[in-house]
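Examining the three-dimensional arrangement
Okay, here's what each chain looks like letter by letter:
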Amino acid sequence: QQQVKQSPQSLIVQKGGISIINCAYENTAFDYFPWYQQFPGKGPALLIAIRPDVSEKKEGRFTISFNKSAKQFSLHIMDSQPGDSATYFCAPWVAGNKLTFGGGTRVLVKP
Amino acid sequence: NAGVTQTPKFRILKIGQSMTLQCTQDMNHNYMYWYRQDPGMGLKLIYYSVGAGITDKGEVPNGYNVSRSTTEDFPLRLELAAPSQTSVYFCASSSREGGGYTFGSGTRLTVV
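Residues numbered from 1 in each chain as written. Chains lettered and ligands numbered in written order. Predicted model: local features only at pLDDT ≥ 70, side-chain atom pairs only at ≥ 80, totals over all residues. Heavy atoms only, no water.

Turning to the overall build of chain B, a few remarks are in order. The helix and strand inventory of chain B stands at zero helices and eleven strands. Each helix (α) and strand (β) of chain B, taken in turn from the N terminus, gives the series β-β-β-β-β-β-β-β-β-β-β. Referenced to the eigenvectors of the C-alpha coordinate spread, the extents of chain B come out at roughly 35 × 25 × 25 Å. In chain B, which comprises 112 residues, the proportion classed as buried is 46%. The long-range fraction of contacts in chain B, counting pairs at least 24 apart against all pairs at least 6 apart in sequence, stands at 54%. In the structure as shown, chain B presents an accessible area of about 5,200 Å², 51% of it carried by carbon and sulfur atoms. In chain B, 10 positive and 8 negative side-chain charges are present, and the distance between their average locations comes to 8 Å. (Helix = DSSP H or I, 4+ residues; strand = E, 2+ residues; numbered from the N terminus. Buried < 20%, exposed > 50% of the residue type's maximum accessible area, 1.4 Å probe, protein only. Contact = heavy atoms within 4.5 Å. Areas by Shrake-Rupley, 256 points an atom, 1.4 Å probe, with all protein chains shown as cover. Lys, Arg positive; Asp, Glu negative; His and termini not counted. Charge placed at Lys NZ, Arg CZ, Asp CG, Glu CD.)

In structure tokens, the structure reads:
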């Protein structure tokens with residue numbers, strides 16, 4: 001089982017601010033780096049994902065950046081909105097294995 | 001398009017009772033998974049299946065069993081429920097290994 005360490009565990013940000021969540025991993029051979037978003041009482045949903053041959057991917061206000069040398073990839077939420085309040089999970093994947101979910105980061109965006 | 005449907009949404013079991021959590025997907029996905037999520041924690045893989053008739057253990061399989069007789073259905077069986085199995089259970093499916101998972105809305109199980 002791959003080791004995945006997600007930080008911080010929780011995050012409070014003001015509306016309009018930037019939320020940054022980090023995911024550190026052990027394995028150097030990941031094939032796919034998705035982030036999932038989970039609202040209370042719901043199942044996780046795929047938010048954004050990146051391949052290791054790309055260092056950054058942006059979709060709207062959400063950006064994934066990948067630092068291969070540091071074995072870390074990060075999720076940035078720009079112009080955070082109250083509707084972004086949710087728990088976010090990284091789930092790096094190695095071919096031949098199942099997704100390994102990080103412990104989650106609970107984000108609260110204050111109006 | 002319903003996606004992944006889980007039933008029941010809530011259930012209270014007494015210690016030692018058994019039950020089956022149902023999971024059905026209508027996307028013709030080969031890969032299906034069962035996860036449990038304890039309060040404030042991440043998701044841990046219980047069992048998974050790569051196609052009808054094929055299942056395998058995940059990280060925390062003890063106390064659970066699965067079957068996969070059709071592409072659509074992947075029920076999870078709890079035998080002799082224990083308080084440690086109090087959790088929220090999520091079923092998911094994907095069209096390919098590592099592909100974007102589609103999750104159901106979960107079953108909240110309490111064992112008392």
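Moving on, we come to the sheet that holds strand β3 (residues 19-25) of chain B. Two pairing modes exist for strands in a sheet, parallel and antiparallel, and in both the strands are linked by backbone hydrogen bonds. Residues and elements named next belong to chain B. Ordered by their spatial adjacency, four strands build an open sheet running β1-β3-β8-β7, and the pairing between neighbours is antiparallel. Strands with a single pairing partner mark the edges of an open sheet, and in this sheet they are β1 (4-7) and β7 (64-66). Shown here is a sheet whose adjacent strand axes are inclined to one another by a mean of 20°, direction ignored. (Pairing = 2+ DSSP bridges. Axes fitted to C-alpha atoms, helices over the stretch in contact; angles between N-to-C directions.)

The next point concerns the pattern of salt bridges. Residue and element names in this part refer to chain B. Within this structure, the stated rule accounts for five salt bridges over all chains. Ionic pairing is found between Arg36 and Asp38, a salt bridge with its closest N-O pair at 2.8 Å. Owing to a relative accessible area of 23%, Asp38 belongs among the partly exposed residues under this scheme. With a closest N to O distance of 3.1 Å, Glu79 and Arg77 form a salt bridge. Look at Glu79 and you get partly exposed, because its relative accessible area is 35%. (Salt bridge = Lys/Arg side-chain N within 4 Å of Asp/Glu carboxyl O.)

How big an interface is tends to be stated in terms of the accessible area lost upon association of its parts. On the chain B side, the residues contacting the 21 residues of chain A number 20 residues. Here chain A is connected to chain B by zero salt bridges.

All names here are of chain A. Pairing is antiparallel in the open sheet, where five strands are placed in the order β1-β3-β8-β7-β6. Both edges of this open sheet fall to β1 (4-7) and β6 (56-59), since each of them pairs with a single strand only. Within this sheet the neighbouring strands show an average axis-to-axis angle of 15°, counted without direction. Bridging between β6 and strand β7 (residues 62-67) involves four bridges; their strand directions are antiparallel. Considered in β7, the bridge of Glu56 is made with Ser65.

Residue and element names in this part refer to chain A. Taken together, the side chains of Ile18, Ile20 and Met78 present a nonpolar region at the surface, about 240 Å² in accessible area. Here Met78 lies in the loop between β8 (72-77) and β9 (86-90). Exposure remark for Met78: the relative accessible area of 33% places this residue in the partly exposed category. (Patch = residues over 30% accessible without salt bridge, like charges linked within 9 Å, V, L, I, M, F, W, Y side chains within 5 Å.)

Bringing the layout of surface pockets into the picture now. In this structure, the largest pocket spans a volume of roughly 1,100 Å³. Lining the largest pocket are 48 residues, and of these Phe89 of chain A together with Gln37, Asp38, Gly40 and Met41 of chain B lie nearest its centre. Secondary-structure elements contributing two or more residues to the lining of the largest pocket are β1, β9 and β10 (105-110) of chain A together with β4 (31-37), β5 (43-51), β9 (87-94) and β11 (107-111) of chain B. When residues in the lining of the largest pocket are grouped by element, the largest group, four residues, is from β11 of chain B. Of the residues that constitute the lining of the largest pocket, the class distribution is 17 nonpolar, 23 polar and eight charged. (1 Å grid on protein atoms, 1.4 Å probe; cavity = no way out; pocket = protein on both sides within 12 Å on 5 of 7 lines; lining within 4 Å. Points joined across faces, edges and corners; volume = space filled by probe spheres on them. Nonpolar A, V, L, I, M, F, W, Y, C, P; charged D, E, K, R; others polar.)

As a further point, take the confidence of the model for chain A. Residues of chain A with pLDDT of at least 70 account for 97%, and the chain-wide mean is 90. In the model of chain A, β1 of chain A stands out as the element of lowest mean pLDDT, 90, in contrast to β10 of chain A, which has the highest, 97. (pLDDT = per-residue confidence, 0-100.)

Okay, the environment of Ser18 of chain B next. Residue and element names in this part refer to chain B. Topologically, Ser18 is positioned in the loop between β2 (10-13) and β3. Look at Ser18 and you get partly exposed, because its relative accessible area is 30%. Counting along the chain gives 44 residues from Ser18 to Asn62, while the straight-line C-alpha distance between them is 14 Å. Not counting chain neighbours up to four residues away, the residues in contact with Ser18 comprise Leu13, Arg77, Leu78, Glu79 and Leu80.

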